[in-house]
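Overview (structure and organization)
Chain by chain, the residues run as shown.
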Amino acid sequence: MMENRNGKSNINEQALGFDRVLPFEGQVETVTWKEDGSCYLRFAVPNAKIVSVFIEETEYPCVKNGEGIWEMEYPIRKGIQYVQLLVDGTEFLTPMLPITYGYSRPYNYVALHTKEDDFFRIKNVPHGSVRREYFFSQVTGEWESCMVYTPYVYEKETERVFPVLYLQHGHGENEIGWTASGKVHFILDNLIAEGKAVPFVVVMCNGMVQTVEEGRRIVNFRLLEKQLFQDVMPFVEEKFRVGRTKEMRAMAGLSMGSMQTSMIGLTHPESFCALGIFSGFMRDFISGGEMDMSHGEPSVNAHLALLKDREEFARQYPICFRAMGTEDPYWEHFASDDEILREKQISHIRKEYPGAHDWNVWRMCIYDFAQLIFKNL
């Protein structure tokens, strides 16, 4: 049985309101439950001719019921899932569903939880803080933003210097992803309260680094490396009580962010003590491809040079964590990296989770990775 069908719950938290959006005049509760336990999405669009919902590359038609409400049986039974409402073929963002950021724009989502998802719930434990910070970037020449999580003891132990994790999102997302969709702050609050994780700071910046080339605004994901070292880390280390040594820093990311983690981490082993590669890639296959807005050349993956010496790699990264969902459409890339690492005899932690290329898997990744890092401090 599903939980929290009617009451206030953090599953419907969104960026602009912690409470559920109350149906205003002419609207209805969008996520509803039938007596048989089935879940339905409902939309009040009285003048529409066709209403459908796009989920995971599939379009699901809605049917107009006797009350004039369009509805469909929701095909997903748990977890967070992006959903796109289409009315007469046009995409709309509805205020009746929670909103996050994905596919490079604000996006609706549905979140259904079971008891097995307890690890990312808000609980009666001490809570840390999440704040949005602003810094001027020498790399982009513009003001940029990052999200920073500090554990609850940060305010209590005012002389303590904390380790820091630089945590990246995936392609089409931004710096709010890990809190708005990933619930990383609740995951860490719970782990710290249970004594399973060392308290550490988390810095989440926008890896979809925007710049202007030939009069056109584009994204150049490779600029994150330069921005991280020139802008983000100096800003964070000046404003927050975080470590400035290899032993006190780690880096992790999901999807595109895992690629950035591999590229930056393997190029700068002097800067980080652990790597987390979630739904992840060791090699750069974005450069020179269709997702590369900067039209760069295909990567020669020079960062993989560190893999040539397995003993040196193990010395630099005693914790290298790789994980992928068993239904991930990018599995072939993960398997190819498996082959490279086997050939090079690279010691690392490898995990598989049930699920695809989404936040349901990434939440489990950070849950496991967080319990491994900074244990020797």
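Residues numbered from 1 in each chain as written. Predicted model: local features only at pLDDT ≥ 70, side-chain atom pairs only at ≥ 80, totals over all residues. Heavy atoms only, no water.

**Points about the overall build of the protein chain**
Using the following cut-off: Runs of H or I in DSSP of at least four residues are treated as helices and runs of E of at least two as strands, each being numbered from the N terminus. The atom set for the radius of gyration is the C-alpha atoms, and the globule formula is 2.2 Å times the number of residues raised to the power 0.38. Partly exposed residues are those whose accessible area sits between 20% and 50% of the maximum for their type, while under 20% is buried and over 50% is exposed, using a 1.4 Å probe and protein chains only. Should any heavy atoms of two residues lie within 4.5 Å, those residues are considered in contact. Surface accessibility follows the Shrake-Rupley procedure with a 1.4 Å probe radius. Residue values consider only the protein chains on display as shielding. Only four residue types enter the tally: Lys and Arg on the positive side, Asp and Glu on the negative side, with His and both chain ends excluded. For charged residues, the charge sits on one atom: NZ in Lys, CZ in Arg, CG in Asp, CD in Glu.
Looking only at helices and strands, one finds 8 helices and 20 strands in the protein chain. Here the protein chain has a C-alpha radius of gyration of 22 Å; the compact-globule value for 377 residues is 21 Å, and the two agree. Taking the principal axes of its C-alpha atoms as reference, the protein chain extends roughly 70 × 50 × 40 Å. Looking at the protein chain as a whole, 55% of its 377 residues are labelled buried. Long-range pairs, those at least 24 residues apart, make up 68% of the contacts in the protein chain between residues at least 6 apart in sequence. Per element, the accessible surface of the protein chain, about 17,400 Å² overall, is 51% carbon and sulfur. One finds the centroid of the 39 positive side-chain charges in the protein chain at a distance of 4 Å from the centroid of its 53 negative side-chain charges.

**Observations concerning the sheet that holds strand S2 (residues 39-43)**
Stated precisely, the cut-off is as follows: Strand pairing is assigned whenever DSSP identifies at least 2 bridges connecting the two strands.
Ordered by their spatial adjacency, 4 strands build an open sheet running S1-S2-S6-S5, and the pairing between neighbours is antiparallel. Only two strands of the sheet have a single partner each, and these edge strands are strand S1 (31-33) and strand S5 (63-64). Sheet topology places S1 next to S2; 3 bridges connect them, and they run antiparallel. Opposite Thr32, over in S2, you have Tyr40 as the bridge partner.

**Observations regarding a nonpolar patch on the surface**
Our working rule: Surface patches are defined over residues having more than 30% relative accessible area and no salt bridge, joining like charges when they lie within 9 Å and nonpolar side chains (Val, Leu, Ile, Met, Phe, Trp, Tyr) when within 5 Å. We define a salt bridge as a contact between a side-chain nitrogen of Lys or Arg and a carboxyl oxygen of Asp or Glu at a distance within 4 Å.
Together, Tyr134, Phe136 and Trp143 line one region of the surface with nonpolar side chains, adding up to about 400 Å² of accessible area. Structurally, Trp143 can be placed in strand S12 (residues 143-150).

**Notes on the pattern of salt bridges**
In the structure shown here, the tally under the stated rule is 21 salt bridges. In this structure, Arg217 and Glu142 form a salt bridge, with 3.0 Å as the shortest nitrogen-oxygen distance. Placement of the pair is Arg217 in strand S16 (residues 216-219) and Glu142 in the loop between strand S11 (129-136) and S12, with a sequence separation of 75 residues. Exposure remark for Arg217: the relative accessible area of 41% places this residue in the partly exposed category. A salt bridge links Arg249 to Glu237; the shortest N-O distance between them is 3.0 Å. Taken together, the residues Arg249 in strand S17 (residues 249-254) and Glu237 in helix H4 (residues 223-239) connect sequence positions 12 residues apart.

**What about the confidence of the model for the protein chain?**
Operational definition: On a range of 0 to 100, pLDDT expresses the predictor's confidence in each residue.
When pLDDT is averaged across the protein chain, the result is 93; 96% of the residues are at 70 or more. Predicted confidence for residues 1-12 stays below pLDDT 50, and this span has 36 contacts to residues more than four positions away or in other chains.

**Some points on the side chain of Arg42**
Selection rule: For the purposes of these results, a polar contact is taken to be a pair of N or O atoms within 3.5 Å, where, inside protein, one atom must be able to donate a hydrogen and its partner to accept one; residues adjacent in sequence count only when each atom of the pair is a side-chain atom.
Along the chain, Arg42 falls in strand S2. For Arg42, a relative accessible area of 15% gives the class buried. Among the polar contacts listed, one links the side chain of Arg42 to the side chain of Glu67, at a separation of 3.4 Å. Filtering out sequence-adjacent residues up to four positions away, Arg42 remains in contact with Val28, Glu29, Thr30, Thr32, Asn65, Glu67, Ile69, Trp70 and Glu71.

**Regarding the packing of H4 against helix H5 (residues 256-267)**
To keep it simple, the criterion reads: Helix axes use the C-alpha atoms of the stretch in contact, all axes being lines fitted to C-alpha atoms, and the angles between their N-to-C directions lie in the range 0 to 180 degrees. Should an angle fall under 35 degrees it is called roughly parallel, over 145 degrees roughly antiparallel, and 65 to 115 degrees roughly perpendicular, with every other angle called oblique. Left-handed describes a crossing whose near helix is turned anticlockwise from the far helix through less than a right angle; right-handed describes the clockwise counterpart.
Remark: H4 packs on H5, axes separated minimally by 10 Å, with the N-to-C direction vectors making an angle of 55°. Comparing the axis directions of H4 and H5 gives the class oblique. Viewed along their axes, H4 and H5 form a crossing whose handedness is right-handed. Residues Leu224, Glu225, Leu228 and Phe229 of H4 form the contact with H5, whose own contacting residues are Gln260, Ile264 and Thr267.

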